[in-house]
Amino acid sequence: MTTTIKLEKKVLSENDKLAAEIRDELTKNKVAALNFVSSPGSGKTSLLEKTLQALRSEMKIGMVAGDVQTENDAKRLISAGGEKIKPIVTGGSCHLDAKMVSKVLPEIDSSDLDLFIIENVGNLVCPSSYDLGEDMKVVLISVTEGDDKPLKYPSMFRRSSVMVINKIDMLELCDFSLETVKKNALQINGDLKIFELSCRTGEGLEEWYDWLKELVKGKREA
Amino acid sequence: MHELSIANSIINIVLDEIKTKNLGEVKAIGLKIGAISGIFPDALEFGFDAIKLETVLCKTKLEIEVIPIAGKCINCSKSFEVRELVFSCPHCQSTSIKMEQGEELDITYMEIAEELEVEDG
Ligand SMILES: Nc1nc2c(ncn2[C@@H]2O[C@H](COP(=O)(O)OP(=O)(O)OP(=O)(O)O)[C@@H](O)[C@H]2O)c(=O)[nH]1
Ligand SMILES: [Mg+2]
Ligand SMILES: [Zn+2]
C-alpha cells in the first residue's frame, strides 16, 4: 500500500531564490546585467575583451568568467583592461549556478558598477536552466557552428533576449547562411534582438556598443 | 550533463520533505518536465539512478510526465500548442506569445509506502 503526497515544488527553487536576491541587489544599484552563453569557442571572451577596450572609459564594468578548469578567460579580461574581473572555476560543472555568482559578487561590489556581465561556461544546453539574476541572456553563435543551431538548442534560444552572430569574417569559408540562422532563431523566439559582427575585423561592433550604452542608460534612469 | 545537478537538487528536496514530514519509504517521485525545459528525461533518470544509491532513496523511481509546449498569443489572445518548435500563433501568425506550459521542472508528488499495521497476538 502506498499513499501519495502532493507537492508543488520547483526543482530549482533554491537557485531561483538566490538569483532573485542577486537581481534585487543589481537592480537596487542600477546595474545592467547580462549572462553570456554559447558553445565553447564562439567568441564570448573575445567580445568581452573588445567591449572592455571600447567602453571602459565611459562606464564601470564588472565581469565574472566561468570556466570548467582554468582562469584563462579572467586573465584575458584583466589584460584587456578590466578592473573588476573575477574567475569562477566550476571544477567540472557544465554551467554556472546562482550560488557561484552570489559568492563572488561581493568581491566585485556592484554598488560601484554600471554594467555586470557573466561569461557562462561554454555549453548551449545546461546553462539555460539556471537563472543567475541577469536582466537578459545573450546567446552567441559563430558562423563555423552551422546555421541550424537555434533549432538544435531551442531552450537556450527561447530563453535568450539577444543573439550575437560572431565571426562573420569567416562567412565565405563556411556554408552558413545568415538568412537561415536568423529565420531559425526567430522561429524559436520572435523577440530576439540580433547582432552580426566580427571580433576579428571589428565589423558590426559599433552597433553592439551603442546598444550596450542604451541598455546602461535605460537601467540608470529606471 | 546538468541532469546530475538536477537529480541532486531533487534528492535534496525530497530528503528535506522526508525529514520535516517524518515520512516513510519513498517509492516514487512524480516530476513534470516541460518539453522545452532543457532537461532530458532519460539523462535525468540515468543521473538519478546513479546518485540515489548513496541515499535512502536507493529504491525510489522517478515518474516523469513530459509537458508539451503551449502558448497564448498576446495579439489575439488565443491559446495553442507549439508544434515542431514553431513559436508563433497559428491563428494570426504573431510571434509575440506568452508561454503557458512547456518550461516546467517541478516535483509534483511523492509516493510513500504505508507501514503495515503489526497485528497483535
Ligand atoms: N575569425 C574569427 N575568429 C574569432 C572571432 N572571435 C573570436 N575568434 C576566435 O575564436 C576562438 C575562441 O574565442 P573565445 O573568445 O576564446 O571563445 P569563448 O566563447 O570565450 O570560448 P570558451 O570560453 O572556451 O567557451 C579564439 O581563437 C578567437 O581568436 C571572430 O570574429 N573571427
Ligand atoms: Mg571564454
Ligand atoms: Zn494570434
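Residues numbered from 1 in each chain as written. Chains lettered and ligands numbered in written order. Predicted model: local features only at pLDDT ≥ 70, side-chain atom pairs only at ≥ 80, totals over all residues. Heavy atoms only, no water.

Student: Looking at this structure, how should I read the sheet that holds strand S2 (residues 61-67) of chain B?
Tutor: For sheets, the rule is that strands pair by backbone hydrogen bonds, running either parallel or antiparallel. With mixed pairing, the four strands of this open sheet are ordered in space as S1(A)-S6(B)-S1(B)-S2(B). This sheet does not close on itself; its edge strands, each paired only once, are strand S1 (2-10) of chain A together with S2 of chain B. Averaged over all adjacent pairs, the angle separating strand axes in this sheet is 20°, with direction ignored. Looking at chain direction, strand S1 (residues 26-34) of chain B and S2(B) are connected through seven bridges and run parallel. Of the residues in S2(B), the one forming a bridge with B:Gly30 is B:Glu63. The strands that helix H2 (residues 41-51) of chain B touches are S1 and S2 of chain B; relative to S2(B), the one it contacts most, it runs at about 165°. (Pairing = 2+ DSSP bridges. Helix = DSSP H or I, 4+ residues; strand = E, 2+ residues; numbered from the N terminus. Axes fitted to C-alpha atoms, helices over the stretch in contact; angles between N-to-C directions. Contact = heavy atoms within 4.5 Å.)

Student: Just to check I follow, could you spell out unusual backbone geometry for this structure?
Tutor: Trans is the common state for peptide bonds, and a negative phi is the common state for residues other than glycine. Of note, the phi angle at A:Asp109 is positive, near 60°, even though the residue is not glycine. Positionally, A:Asp109 belongs in the loop between helix H4 (98-108) and strand S5 (115-119). In the Ramachandran plot, B:Asn22 falls in the positive-phi region, its phi being about 55° despite a non-glycine side chain. Along the chain, B:Asn22 turns up in the loop between helix H1 (3-21) and S1. B:Asn22 sits in the exposed class, given a relative accessible area of 68%. (Buried < 20%, exposed > 50% of the residue type's maximum accessible area, 1.4 Å probe, protein only.)

Student: How do you make sense of the interface of chain B and chain A when you look at a structure like this?
Tutor: If you look at the interface, chain B gives 35 residues, while chain A gives 28 residues. Of the roughly 2,800 Å² buried at the junction of chain B and chain A (both faces included), carbon and sulfur atoms supply 58%. For chain B, the biggest contributors to the area lost against chain A are B:His2, B:Leu85 and B:Glu114; these three give 19% of the whole. The interface formed by chain B and chain A includes two salt bridges. Measuring nitrogen to oxygen at the nearest pair gives 3.9 Å for the salt bridge that ties A:Lys10 to B:Asp106. Our enumeration of links across chain B and chain A arrives at 11 residue pairs in polar contact (both at pLDDT 80 or more). At the level of elements, H1, strand S5 (97-101) and strand S6 (105-113) of chain B are the ones that each hand at least two residues to the side of chain B that touches chain A. Split into classes, the residues belonging to the side of chain B that touches chain A amount to 19 nonpolar, eight polar and eight charged. (Buried area = accessible area lost by both parts, 1.4 Å probe. Salt bridge = Lys/Arg side-chain N within 4 Å of Asp/Glu carboxyl O. Polar contact = N/O pair within 3.5 Å; in protein donor to acceptor, adjacent residues only side chain to side chain. Nonpolar A, V, L, I, M, F, W, Y, C, P; charged D, E, K, R; others polar.)

Student: Please clarify how the confidence of the model for chain B should be interpreted in this entry.
Tutor: Where the model shows low pLDDT, its predicted coordinates should not be examined in detail. Per-residue pLDDT for chain B has a mean of 93; in total, 94% of the residues score no lower than 70. Taken over the whole predicted complex, pTM reads 0.95, whereas the ipTM for its chain interfaces reads 0.89. (pLDDT = per-residue confidence, 0-100.)

Student: Sorry if this is basic, but what is going on with the coordination of the zinc ion (ligand 3) here?
Tutor: By definition of the ideal shapes, a tetrahedral metal site with four donors has angles of 109.5 degrees and an octahedral site with six donors has angles of 90 or 180 degrees. Residue and element names in this part refer to chain B. For the zinc ion (ligand 3), the protein coordination sphere consists of Cys73 (SG), Cys76 (SG), Cys89 (SG) and Cys92 (SG), at 2.3 Å. Considering all four donor atoms around the zinc ion (ligand 3), angles at the metal cover 102 to 120° and the coordination shape is tetrahedral. Coordination of the zinc ion (ligand 3) draws on donor residues from a single chain, spaced C-x2-C-x12-C-x2-C in sequence. Remark: cysteine 92 occurs in the loop between strand S4 (79-81) and S5 and cysteine 76 occurs in the loop between strand S3 (70-73) and S4; sequence separation between them is 16 residues. Cysteine 76 sits in the partly exposed class, given a relative accessible area of 26%. We classify cysteine 92 as partly exposed; its relative accessible area is 29%. (Donors = N, O, S within 2.8 Å, 3.2 Å for Na, K, Ca; no water. Tetrahedral: all angles 85-135°; square planar, octahedral: opposite > 155°, others 65-115°.)

Student: In this structure, what is going on with the nonpolar core? I would like to understand it.
Tutor: Counting 44 residues, the largest nonpolar core has A:Phe116, B:Ile6, B:Ile10, B:Val14, B:Ile29, B:Leu44 and B:Ile107 as its most contacted members. Those elements that provide at least two residues to this core are helix H1 (13-28), H4 and S5 of chain A together with H1, S1, H2 and S6 of chain B. For this core, the leading source of residues is H1(B), giving seven residues. If we skip the residues at most four places from it in the chain, B:Ile6 touches A:Val11, A:Leu12, A:Tyr130, B:Ile39, B:Leu44 and B:Leu105. Core analysis: the next-biggest nonpolar cluster, separate from the first, contains 32 residues, A:Leu52, A:Leu115, A:Val138 and A:Leu215 among them. (Core = buried A, V, L, I, M, F, W, Y, C linked by side-chain atoms within 4.5 Å.)

Student: Can you walk me through the site of ligand 1 in this structure?
Tutor: Residue and element names in this part refer to chain A. Near ligand 1 you find 19 residues, and of these Lys44, Thr45, Ser46, Asp169 and Cys199 are the closest. Contacts to ligand 1 include glycine 41, whose backbone N or O atom sits 3.0 Å from an oxygen atom. Cysteine 199 is positioned such that a nitrogen or oxygen atom in its backbone is 2.8 Å from an oxygen atom of ligand 1. Protein chains shield 71% of the accessible area of ligand 1, which is 650 Å² for the free molecule. Those elements that place two or more of their residues in the shell around ligand 1 are helix H2 (44-55) and helix H3 (72-79). Sort the elements by how many residues they give to the shell around ligand 1 and H2 lands first, with three residues. (Near = heavy atom within 4 Å. Areas by Shrake-Rupley, 256 points an atom, 1.4 Å probe, with all protein chains shown as cover.)

Student: Explain the packing of aromatic side chains to me, please; I cannot follow it from the model alone.
Tutor: Aromatic ring pairs are defined here through the distance separating the ring centres and the angle between the ring planes. Residue and element names in this part refer to chain A. Counting across every chain of the model gives four aromatic pairs over all chains. Between the aromatic rings of phenylalanine 195 and tryptophan 211, the centroid separation amounts to 5.6 Å while the plane-to-plane angle is 65°, which identifies the pairing as edge-to-face. Placement of phenylalanine 195 in strand S8 (residues 193-196) and of tryptophan 211 in helix H8 (residues 205-221) is noted, with a sequence separation of 16 residues between them. The rings of Phe36, Phe195, Trp208 and Trp211 are connected pair by pair, giving a single aromatic cluster. (Phe/Tyr/Trp six-rings, centres within 6.5 Å; stacked < 30°, edge-to-face > 60°.)

Student: What is the right way to read the coordination of the magnesium ion (ligand 2) from this model?
Tutor: Residue and element names in this part refer to chain A. Coordination of the magnesium ion (ligand 2) by the protein is provided by Thr45 (OG1), Asp73 (OD) and Glu119 (OE), with metal-donor distances spanning 2.0 to 2.1 Å. Spacing between the donor residues of the magnesium ion (ligand 2) along the chain follows T-x27-D-x45-E. With threonine 45 in helix H2 and glutamate 119 in strand S5, this pair connects stretches of sequence that are 74 residues apart. With respect to class, threonine 45 is no different from glutamate 119; both count as buried.

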